[in-house]
Amino acid sequence: MPRPEVLDRIKEAEREADELVAEAEEEAEEIVADAREEADEIREQAREAADADAQEQIEDARSDVEEERERILEEGRSEREELEARAEDQQEAVVEYVVSQFEEAVHAQT
């Protein structure tokens, strides 16, 4: 093979190699861009899932607080009713005691 042909073939092979390298670099850039886009999507999905979980935990906590509040209020109502009932039961005895103390005081003055 004559020397100019060999040089032409070498130049052609180098040109083809340069094209292959350029194509590979372009493909690598596309792969990196796709990977970044996918990573962004995954991060967004993870953020949305975390937000949903946080919102669910907040709602659960609110529900727990409301249940505890209702329990405490019911306990307070029950205690109040017991105290009112005991006060009513003791009302007659208190009136009798006050009247007897008053009568003693009046008799003590006479």
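Right above here is the structure, for reference.
All of these numbers come straight from a predicted model, not from anything done at the bench.

Caption draft 1: Molecular detail of helix 1 (residues 3-109). For helix 1, with 107 residues, the first-to-last C-alpha span of 149 Å sits near the 159 Å given by 1.5 Å per residue. Its maximal kink placed at Gln91, helix 1 deviates by approximately 40 degrees.

Caption draft 2: Here's a closer look at a nonpolar patch on the surface. A cluster of nonpolar residues, Val6, Leu7 and Ile10, forms a patch on the protein surface that exposes about 230 Å² of accessible area. Within the secondary structure, Val6 is located in helix 1.

Caption draft 3: Layout of a negative patch on the surface. Side chains of Glu23, Glu25, Glu26, Glu27, Glu29, Glu30, Asp34, Glu37, Glu38 and Glu41 sit close together on the surface and give a patch of like negative charge. Tracing the sequence through the fold places Glu23 in helix 1. On the accessibility criterion, Glu23 (48% relative accessible area) is partly exposed.

Caption draft 4: A look at the pattern of salt bridges. One pass over the full model with this rule turns up eleven salt bridges. Residue Glu19 pairs with Arg15 through a salt bridge whose shortest N-O separation is 2.4 Å. Of the two residues, Glu19 and Arg15 both sit in helix 1, four residues apart, roughly one turn of that helix. The partly exposed category is assigned to Glu19, whose relative accessible area is 38%. By relative accessible area, which is 37% here, Arg15 ends up partly exposed. Here Glu44 and Arg47 are joined by a salt bridge, their closest N and O atoms 2.5 Å apart.

Conventions used here
- Residues numbered from 1 in each chain as written.
- Predicted model: local features only at pLDDT ≥ 70, side-chain atom pairs only at ≥ 80, totals over all residues.
- Heavy atoms only, no water.
- Helix = DSSP H or I, 4+ residues; strand = E, 2+ residues; numbered from the N terminus.
- Expected span 1.5 Å × (residues − 1).
- Bend = angle between axes of the 7 residues up to and from the residue.
- Patch = residues over 30% accessible without salt bridge, like charges linked within 9 Å, V, L, I, M, F, W, Y side chains within 5 Å.
- Areas by Shrake-Rupley, 256 points an atom, 1.4 Å probe, with all protein chains shown as cover.
- Salt bridge = Lys/Arg side-chain N within 4 Å of Asp/Glu carboxyl O.
- Lys, Arg positive; Asp, Glu negative; His and termini not counted.
- Charge placed at Lys NZ, Arg CZ, Asp CG, Glu CD.
- Buried < 20%, exposed > 50% of the residue type's maximum accessible area, 1.4 Å probe, protein only.

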